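Working through the structure, step by step
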Amino acid sequence: TDLLFFSVHDSDEEIEDLKSLFPNPSDQELSHLAMHSWHLIHFANPDYNRSIVWKTSVQRPDCFAVFPSEGYLRPGESQLVVFNVKPFASLLSFATQQLNAHREGVDEFWSNVYTEEAHLPAAPFLIQYTFTTTIPCHNHADNHDAGLPQPAIRDDFQQWRSRQQQQQQRQQQVQNAALVQETLLTPVSPWQDIARPNQLVRTLALSAHVNANYPLWRFQ
C-alpha cells in the first residue's frame, strides 16, 4: 500500500522557511507547520468475538507521525488514524526534487541536505496488531439442575481469575502508595498490557511517497 502525500503550499516563500530546519529539525517555530497533505485510515475490527490491540511504528520520527499510535478495538468497533508528514520530511522531499531536476547544477544548500540526510525511507510506517485472548466463561452451578453433573471449570479460566486477583492486589497496593496520584495519571499502553511473547502478531508495512512536484490543488 502506497500513501501519497502532496504539497498543500505552492509558495517559494514557504519553502524558504523550511530551510531553517537544517541542520536543526526540531525548530519549534515550524513544529506545527504542515507542508504536505495527510491520510486518514479507517481501522476496523470485523471479528464478532475477539478484540484487537494494535500499535504503529515510524522509521523516521523526525519526518513522519501517526496519531493515535496505538489502540484497542472491541468486536465491531472502528477508529480513524491520521498519518502525516512532518516539515523536515517536506524539506528532504524538496531536496530530492531539486537534485533530480538540476543534477550537477543543484543549489549548494539542497546538495548539503541530501548529502547529510539522504532520501526518505520507502516504507516508514509499520502496523502491528493481534487478537486479544477471549475470556473463557463457564456456567455457574446455580444455573443447572442439582441432579445433573456440573461442568468442570477450565484451567484457563482459573488462570485468568488468578491473574485478575493478582492485578487487583497490585492496584490496591498502588492506591495505598504515596505516589498514587502520579501513577493514576500515567496512561496504560493497551499494547504493553495485552501483547505477550509467543503471541501471533500480524505486521503490515505502509510505503509513503512525499511528492514535491505537484500540489494537492491540481487533483481537486
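Let us look at the structure shown here. Every residue gets a number counted from 1 within its own chain, in the order that chain's sequence is written. Reporting of local features is limited, given that this is a predicted model, to residues whose pLDDT is at least 70; pairs of side-chain atoms are given and counted only at 80 or more, and all residues count toward the totals for whole chains, interfaces and linings. For side-chain calculations, the full set of non-hydrogen atoms in the structure is used, while hydrogens and water are omitted.

**Observations regarding the packing of aromatic side chains**
In summary, the pairing rule links any two rings of Phe, Tyr or Trp, Trp by its six-membered ring, whose centres are within 6.5 Å, and it sorts them by plane angle into stacked for under 30 degrees, edge-to-face for over 60 and tilted for everything else. For the coordinates displayed, the defined rule picks out 3 aromatic pairs. Between phenylalanine 64 and phenylalanine 125 the ring centres are 5.3 Å apart and the planes differ by 75 degrees, which places this aromatic pair in the edge-to-face class. Linking phenylalanine 64 in strand S4 (residues 64-67) with phenylalanine 125 in strand S7 (residues 125-131), this pair joins segments that are 61 residues apart in sequence. Taken individually, phenylalanine 64 and phenylalanine 125 each receive the classification buried, so the pair is uniform in this respect. Centre to centre, the rings of phenylalanine 83 and phenylalanine 125 are 5.0 Å apart; their planes meet at 90 degrees, and the pair counts as edge-to-face. In this pair, phenylalanine 83 sits in strand S6 (residues 78-85) while phenylalanine 125 sits in strand S7, placing the two residues 42 residues apart along the sequence. For the pair phenylalanine 83 and phenylalanine 125, a shared accessibility class is recorded, and that class is buried. Cluster of aromatic residues (ring-pair linked, three or more members): Phe64, Phe83 and Phe125. Positioned above the aromatic ring of phenylalanine 131, the side-chain terminus of arginine 50 is 3.8 Å from the ring centre. The secondary structure listing takes helices from DSSP runs of H or I that are at least 4 residues long and strands from runs of E that are at least 2 residues long, numbered from the N terminus. Only protein chains enter the accessibility calculation, which uses a 1.4 Å probe; a residue whose area is less than 20% of its type maximum is buried, one above 50% is exposed, and one in between is partly exposed. Geometrically, a lysine NZ or arginine CZ counts as sitting over a ring once it is within 6 Å of the ring centre and also within 35 degrees of the ring normal.

**Here we look at the side chain of serine 51**
Counting through the fold element by element, serine 51 comes out in the loop between strand S2 (39-44) and strand S3 (52-58). Separated by 3.2 Å, the side chains of serine 51 and tyrosine 72 make a polar contact. Contacts of serine 51, omitting those with residues within four sequence positions, involve Asn45, Tyr72, Leu73, Arg74, Pro75, Thr130, Phe131 and Thr132. What qualifies as a polar contact is a pair of N or O atoms within 3.5 Å, subject to a donor-acceptor requirement within protein and to the restriction that residues adjacent in sequence count only when both atoms come from side chains. Two residues form a contact once any of their heavy atoms are found within 4.5 Å.

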